[in-house]
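The lines below spell out each chain.
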Amino acid sequence: MSDIVSKIHDLSDDQRAQLAQLVKQKLAQKQRQQLYDVVILGGGLAGSTLAIQLKKKCPKANILIVEKNQYPVPEAAFKVGESIAELGAHYLSDVVGLREHLRTDQIVKAGLRYFFTAKDNSEIARRMEVGLKEFPSVPGYQFDRGRLENHLYQINLDSGVTFWNQCKVEAIEIGEPHQITLKRSDQTEQVTARWVVDASGRTAMLKRQLNLSEDATHDINAVWFRFGMPIDVDEWSNNEQWKSRVAPGLRRLGTGHLMGRGYWIWMIALPSGGTSLGIVSDPKIHPHQDMNRFERALEWLKKYEPQLAQMLEENPSQLQDFHVLRHFSHGCKRVYSPERWCITGDAGVFADPLYSPGTDFIGMGNSLITDLIGRDLAGEDIRGRIEQYNLSFLNTYKLYLITYENQYPLMGNPQVIMAKIVWDWAIYWGLTALLFFQGNKLFDWSLISALGNDLQRFNQLNNDMQVLFREWDTIENREWENYFVSLLEIKFLRQLHIRLNVPLSMEELKIQVRNNIALLECIAKEFAAQVKHQLTVYGEDYSKDEYPKVYTIFADLAQIEVPPDIKGELNKIWLDENLAVPV
């Protein structure tokens, strides 16, 4: 010891200062090697909301978020994913606790709005429109991702979560505990964690490292960009009668969809005053190289969506960014592991941006992860629960995927897609969102077991119905002009929507789910009956071999009597008066 003291004494003042600085760095590095309860890789929407949720459930948990970007982040043109439906809205508002922020700093959206092809799409007022006449009672939101994530960042700092931004993950060693090597401010840091959660988006660190990638059977591409100005379709027409169908400004505040064969385009008003625009397409119909640069996308828009193209071409200085993504959908072999790692958000699975399910999956996934980690930190053996949650979550993803597979050729078919929208939203409001609103009961094993036969019957019916829509497309594929359908004026849809906010006991929930499945069976039978009726009206020859699902569904539901009120409500969506059924 005396030799060390003597050597230090012999150092110059500068050398002693350098040695002191080195000792401080080593001590700081040693302190940072403390065991965290949870390390979250990624501080975006999925990672930051998970940290907030974990802190609510486990206030004493020691949580580290590792994020590559510098925070605060820019507000405009930061990330895609700016529209959320009811499930995701409920998660952010009531589970994470962002109700005030969403209502005051973001946009309460006026539902979804669809415009279908009419001739060359040069007059928006001629295009068949499906949307709402008023704001829905259960809200969704449109938000600026930068503004939202900055707010989440501050909440985490205030709650005691450690947030390292501008920090790169160098290596992850899975073990007990996990060892994570980080690069921060040009220094290498090492931390240990009981749990590690990958929320790194499409970087997908754990998925890549553990070889968990799984190709999706659904293949679509997308390009998207932000324009720094409002884009309001009300300004695309001078037709005052068309404008007066809905309240002024309502069209702009809903998530707009321009629909055509093999593609759809989103138009999302942002709270910063700009607009998010994206083209999502089937590459078999619209090759990606036709739109993978802004100039090419603009030429493509001139051909298919000339009114939007004209507005963009007249305001070139408003273009803020441009991004491309091939193979948008992707799967994952496992998202929760008994080795105490999890994957959430886009780092795990993604089905399709239509219907805005991204935040839905964040909400469902983060709630399961929070439950698993909370139970583990409390000393519970969670190995069986992990397997149950993993299987249930991936099955939910596959159920969503069925909604989109091979359906893009139908996007330009007003009658079939409108029927599909009614079907898909009846499922969403009547089952998926309903169960999440009731405490994420979609993954409650006791409830799912009690409803097992009903849910199995429904899953098979949904598989058949998605095929039916494709069969229907071969029969009915006409353009319809000057039609407007308000979805929430269909009474059973409005009831499903309103009931989302009604608290239910477990027994009441079972009854409601069974009633909703019975409703779906009535809708399915009526759709199948309409396809058969349509063939008869048009005088076409048809056979069971050509349209197998029409006959399968009709035969399977032969004993079901569709109530007159359901028939009457569905008459609102039949565009051909010859298809309306007497009630």
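Here's what I pulled together on the structure shown here. (Residues numbered from 1 in each chain as written. Predicted model: local features only at pLDDT ≥ 70, side-chain atom pairs only at ≥ 80, totals over all residues. Heavy atoms only, no water.)

1. Overview of the pattern of salt bridges
Under the convention used in this document: The working definition used for a salt bridge is a side-chain nitrogen of Lys or Arg within 4 Å of a carboxyl oxygen of Asp or Glu. A run of DSSP states H or I qualifies as a helix once it reaches four residues; a run of E qualifies as a strand once it reaches two. Both are numbered from the N-terminal end. Using a 1.4 Å probe on the protein chains alone, a residue whose accessible area is under 20% of its type maximum counts as buried, one over 50% counts as exposed, and one in between counts as partly exposed.
Here the structure, examined in full by the defined rule, presents 35 salt bridges. A salt bridge links Arg 245 to Glu 129, with the nearest nitrogen and oxygen atoms 2.8 Å apart. With Arg 245 in the loop between helix H8 (240-243) and helix H9 (250-253) and Glu 129 in strand S6 (residues 129-131), this residue pair connects regions lying 116 residues apart in the sequence. Residue Arg 245 is classed as partly exposed on the basis of its relative accessible area of 23%. By relative accessible area, Glu 129 is classed as buried at 0%.

2. Some details on the pairing of strand S16 (residues 275-281)
Rules: Two strands are counted as paired when DSSP detects at least two bridges linking them.
With respect to burial, S16 is a largely interior element, 7 of its 7 residues being buried. Residues Thr 275, Leu 277, Ile 279 and Ser 281 of S16 are buried on one face, and the alternating residues Ser 276, Gly 278 and Val 280, pointing to the opposite face, are buried as well. Of the pairings in the sheet, the one linking strand S13 (residues 221-227) to S16 comprises 7 bridges and is antiparallel in character. Directly across from Trp 224, in S16, lies its bridge partner Gly 278. Across 7 bridges, the pairing between strand S15 (residues 263-269) and S16 is antiparallel. Bridging across to S16, Tyr 263 finds its partner in Ser 281. Hairpin remark: S15 followed by S16, antiparallel, with 5 residues in the connecting loop; positive phi at Gly 273, about 105°.

3. Describing the environment of Arg 296
So the rule is basically this: We call two residues in contact whenever any of their non-hydrogen atoms come within 4.5 Å of each other.
By the element assignment, Arg 296 lies in helix H10 (residues 294-304). Arg 296 sits in the partly exposed class, given a relative accessible area of 34%. Sequence separation between Arg 296 and Ala 222 is 74 residues, and the spatial gap between their C-alpha atoms is 13 Å. If sequence neighbours within four positions are ignored, Arg 296 has contacts with Gln 289, Asp 290 and Met 291.

4. Comments concerning unusual backbone geometry
Along the chain, Tyr 71 connects to Pro 72 via a cis peptide bond; the corresponding omega equals 0°. Among the structural elements, Pro 72 can be located in the loop between strand S2 (63-66) and strand S3 (83-84). Here the bond from Glu 176 into Pro 177 is cis, since omega is 0°, no more than 30 degrees from zero. Despite not being glycine, Lys 119 has its phi angle at roughly 55°, a positive value.

5. What about the nonpolar core?
A general feature of soluble globular proteins is that nonpolar side chains tend to end up buried together. Where we set the bar: Nonpolar cores were defined as sets of buried Ala, Val, Leu, Ile, Met, Phe, Trp, Tyr and Cys residues, with membership established by side-chain atoms within 4.5 Å.
Counting 160 residues, the largest nonpolar core has Ile 40, Leu 92, Tyr 336, Phe 393, Trp 423, Phe 527 and Ile 573 as its most contacted members. A total of 18 residues in this core trace back to one element, the largest contributor, which is helix H14 (residues 414-437). Setting aside chain neighbours within four positions, we find Tyr 336 in contact with Trp 341, Cys 342, Ile 343, Gly 365, Leu 368, Ile 369, Leu 372, Ile 386, Tyr 389, Asn 390 and Phe 393. Phe 115, Met 229, Tyr 263 and Met 267 belong to the second largest nonpolar core, which has 27 residues in total.

6. Comments concerning the packing of aromatic side chains
Using the following cut-off: Stacked, edge-to-face and tilted are the three classes for Phe, Tyr and Trp ring pairs, Trp counted by its six-membered ring, which pair at centre distances within 6.5 Å; planes under 30 degrees apart are stacked, over 60 edge-to-face, the rest tilted.
In this structure the tally under the stated criterion is 27 aromatic pairs. Judged by centre distance (5.1 Å) and plane angle (45°), the rings of Trp 425 and Trp 429 are tilted. Of the two residues, Trp 425 and Trp 429 are both situated in helix H14; the distance of 4 residues between them amounts to about one turn of the helix. Neither residue differs from the other here; Trp 425 and Trp 429 are each classed as buried. Members of the aromatic cluster, each reached through a chain of ring pairs, are Tyr 336, Phe 361, Phe 393, Tyr 400 and Phe 443.

7. Comments concerning the sheet that holds S15
Applied cut-off: Think of each axis as a best-fit line through the C-alpha atoms, taken over the contacting stretch in the case of a helix, with angles from 0 to 180 degrees between the N-to-C directions.
Read from one edge to the other, the open sheet built from 8 strands follows the order S17-S13-S16-S15-S14-S5-S6-S21, with strand pairing classed as mixed. Strands at the two margins of the open sheet, each flanked by one partner only, are strand S17 (323-325) and strand S21 (484-486). Along the sheet, successive strands turn relative to each other by an average axial angle of 15°, direction set aside. Along the sheet, H10 contacts S13, S15 and S16; its crossing angle with S15, the most-contacted strand, is approximately 105°.

8. Concerning the environment of Val 550
Within the secondary structure, Val 550 is located in helix H19 (residues 548-556). Along the sequence, Val 550 and Asn 62 sit 488 residues apart, while their C-alpha atoms lie 56 Å from each other. Discounting residues that sit within four places of it in the chain, Val 550 has contacts with Leu 468, Glu 471, Ala 528, Val 531 and Lys 532.

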